[in-house]
Structures are given as C-alpha cells and as structure tokens.
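# A structural walkthrough
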Amino acid sequence: MTIAHGIRTLGVLGAGQMGLGIAYVSALHARVAVRLYDRAPAQIESGLKLMDKLLDKDVAKGKVGAADAKDARDRVQVVSQDEGLKGLRDVDMVVEAASENLQLKQQLFRSLSQELPPTTILASNTSSISLTKIAAATIPEGQSAASEEARRSAGRVVGLHFFNPVPVMKLVELISALQTSQETLDRARAFAVACGKEVTVSKDVPGFVSNALLMPFINEAILCLEKGTATRDDIDKTLKLGMNHPMGPLQLADFIGLDTCLAIQQTLYTGTSDSKYRPSILLERMVDAGWLGKKSGKGFYDYLSQ
Ligand code: 3HC
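A quick note: this is a predicted structure, and the numbers were derived from the prediction, not measured.

### Focus on the sheet that holds strand β4 (residues 93–96)
In space, the eight strands of this open sheet follow the order β3-β2-β1-β4-β5-β6-β7-β8, with mixed pairing throughout. Each edge of the sheet is formed by a strand with only one pairing partner; in this case those strands are β3 (76–78) and β8 (198–202). Strand-to-strand twist in this sheet, taken as the mean axis angle between neighbours without regard to direction, amounts to 25°. In the sheet, strand β1 (residues 9–13) pairs with strand β2 (residues 33–37) via five bridges, with the strands oriented parallel. By the bridge assignment for β2, Leu-10 is matched with Val-34. Packed on one face of the sheet, helix α4 (residues 102–115) meets β1, β4, β5 (121–124) and β6 (157–162) and runs near 165° to β5.

### Overview of the confidence of the model for the chain
Mean pLDDT over the chain: 96, with 99% of residues reaching 70 or higher. Taken over the whole predicted complex, pTM reads 0.96, whereas the ipTM for its chain interfaces reads 0.97.

### A few points about the nonpolar core
Membership of the largest hydrophobic core comes to 41 residues, with the highest contact counts inside it found for Leu-10, Ile-22, Leu-36, Met-93, Leu-160, Phe-162 and Phe-191. Here the element with the most residues in this core is helix α1 (residues 17–28); it accounts for eight residues. Not counting chain neighbours up to four residues away, the residues in contact with Ile-22 comprise Leu-10, Val-12, Val-95, Ala-97, Asn-125, Phe-162 and Val-166.

### Re the pairing of β2
In summary, the side chains of a regular strand alternate between the two faces of the sheet. Counting buried residues in β2 gives four out of five residues, a clear majority hidden from the surface. For β2 and β3, the ladder comprises three bridges, and the chain directions are parallel. In the strand pairing of β3, Val-34 is matched with Val-76.

### Observations regarding helix α7 (residues 182–194)
For α7, which comprises 13 residues, the first-to-last C-alpha distance of 18 Å matches the rise-based estimate of 18 Å (1.5 Å per residue) to within 8%. Along α7, the residues classified as buried are Thr-184, Leu-185, Arg-187, Ala-188, Ala-190, Phe-191 and Ala-192. Phi turns positive one or two residues past the end of α7, at Gly-196, with a value near 90°.

### Some thoughts on unusual backbone geometry
A cis amide bond links Asn-164 to the next residue, Pro-165, at an omega of 0°. One non-glycine residue, Asn-244, adopts positive backbone phi at about 60°. When you line up the elements, Asn-244 lands in the loop between α9 (232–243) and α10 (249–256). At Ser-273, a position not held by glycine, the phi torsion is positive, near 55°. Structurally, the position occupied by Ser-273 is in the loop between α11 (258–272) and α12 (281–288).

Conventions used here
- Residues numbered from 1 in each chain as written.
- Predicted model: local features only at pLDDT ≥ 70, side-chain atom pairs only at ≥ 80, totals over all residues.
- Heavy atoms only, no water.
- Pairing = 2+ DSSP bridges.
- Helix = DSSP H or I, 4+ residues; strand = E, 2+ residues; numbered from the N terminus.
- Axes fitted to C-alpha atoms, helices over the stretch in contact; angles between N-to-C directions.
- Contact = heavy atoms within 4.5 Å.
- pLDDT = per-residue confidence, 0-100.
- Core = buried A, V, L, I, M, F, W, Y, C linked by side-chain atoms within 4.5 Å.
- Buried < 20%, exposed > 50% of the residue type's maximum accessible area, 1.4 Å probe, protein only.
- Expected span 1.5 Å × (residues − 1).

The structure is reproduced here in structure tokens:
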C-alpha cells in the first residue's frame, strides 16, 4: 500500500546548499509549495540564483520541460524577515537545514513547536546530531515527557538526512528519534520518495550510518596528509583511480565544508568517547584559520584561482 505523505506545503529552514537543494527537489519532483526561510537574506538571494541556474541547465539539457521548471520556481516563496518562523505557520512539514549545532537546533525546534500547530511534522536534515535530543526540546515547559501532549509534540520530530548535492544524490537517510511516531516516519519516508529519493533507515546513533562511516574515512585521509604519508593530490588520486570514488576524500571534505566535517566528527567523538573518531589537529587548525573548503574559497584546495 502506498502511504500518502499528505504534504501540500513544505517549510524549509535555511537556504544554504542543503536547504536550497531540498527546496529544489521538493518543488520540482514532489511538486509541493515551498516556503523558504533563512535569517540571512543574502543567503536566500544567492540560493534562489542557484535554483534558477539549475533549472535553466535542466531545461537546456532537456531533463525538465520549460513549463515544469517555471511551475517549480513559482512554487517557491520566500518568507520575509518580518514574518520569521511565523511565516511557516500553515505548512504541513518543516525541514530544518541550519548549521550542525545541537543548541541551535534545539532552540529552533523549541520555537517551531511553539509557533506551529501540533500536527506539523518537524524534520531535521542533521548529519549527526541526536534526533532524540532535538525532539525532547519540543516538549512544552513543565510537561512530563510521558504526558500525552509531550508525546504528541516529540512524536512529530524525525531525521531526513539528504546528501550534497541534493538534486544529484539519490539517497535520503531516515532517522527515528526514540519518540518519533510511526505515522511521522511513514509520512516522512513517503515524502522523500516523492522527492525522487531512495530511503535507508538508521538508528539514532552519532553520525547515523552514513557519517559514522564517511567521517573516519575523511579524517584518516587528513591524518595521512598531516603525517606526510602522501601528497594531497596523491591521496585523492589513490581513491579516485584506485577505488573509483567520484572525488578524493580531501576534495570531498572541501565540498562538504571543513567546519561541517569538524562538527560531525566532534559529535561522533563526544557521543561515543571512542578515540577512532578524534578529529585531526590539522582539520581543527584549518577551521580556526577560516579555511572551510569550497564555500570559503580555500580548504585543502584553492578555489579562488579557478
Ligand atoms: N548542485 C546541483 N547539481 C550539481 C552540483 C550542485 N552543487 N554539482 C554538480 N551538479 C550536477 C551537474 O550540474 C551535473 O548535472 P548534469 O548531469 O545534469 O549535467 C552533474 O551533477 C555532474 O556534474 P559535473 O559533470 O559538473 O561533475 P562531476 O561528474 O564531477 O560530478 C558530483 C559532480 C556529482 C558532485 C560528483 O563529483 C560526486 O558525486 N561527488 C561526491 C559527492 C558526495 O559524496 N556527496 C555526499 C557528501 S556527504 C553528505 O552530503 C552528507 C553530509 O551529512 C556530510
């Protein structure tokens, strides 16, 4: 039996590379109306420019019809700074795609649970943070976690982990918090499928399946560079040509963002106390220097000269 996701309008919180990609596949493939909000207006502006560029490219390549592209673009509306989270009041689901920071996400989910009706699904695109901790933040103050109201509030929180670049990568990882209701899980899965994605399921452990595997691999590559085992180019070439990876691990780290890689590795390390997840000092220093990868123009590679 096909389960209906029942989403007519989606709120997307954060217009960075992930949020924008989620807005794109939701409007184009799931054909839902999208309300896009970011507290930085410049981010929305650059995100929408990228969306126009992607749609134009897909039309030029014959992958999307011109009318479908126009419809998709028209489905995306920007929430004004004055409206803020209130502008998401009548959406059926929100996907949060803010920075990878537990306190920030807890504060956002607390505010969302206060502003939005109790039936709105609250999904996070977190790459590593506990959904159970995020869900607990939605419980109204003074309520017991076992109360009906608390269960309803936390039961609509779920993890929907998209991959970068969202329009291209075929996977969404679905993560259930301890409190997530079956209905929330089923609808979130159906929505990811409507966006054209395949779904895998992971328990709510630090990094889930994807980043518990990917981040030690990336960190090991950075340690190789730090120790002088090989040059940057030879490390990446080994994985690209020897294992057919589309990008070497250092290029991939730059692509994801070194601050994001570090934040995920810190969540893995503190969440498990396992030394195999300890971030390399070189990664920490690069983030200290503001060398965050492709988005800042410099990481393991230099992007300004390209
Ligand atoms: N947004 C949208 N589309 C993009 C894009 C972007 N940022 N970058 C590339 N694309 C599209 C191109 O437009 C092109 O589309 P087309 O087939 O319609 O022309 C297609 O991807 C291929 O692009 P290119 O020919 O320019 O380049 P490549 O063939 O080198 O592919 C890549 C680029 C798809 C990014 C490829 O290098 C790749 O798959 N890299 C690995 C990406 C990856 O591992 N992502 C997961 C990161 S981990 C993550 O996101 C989880 C998080 O929690 C950390």
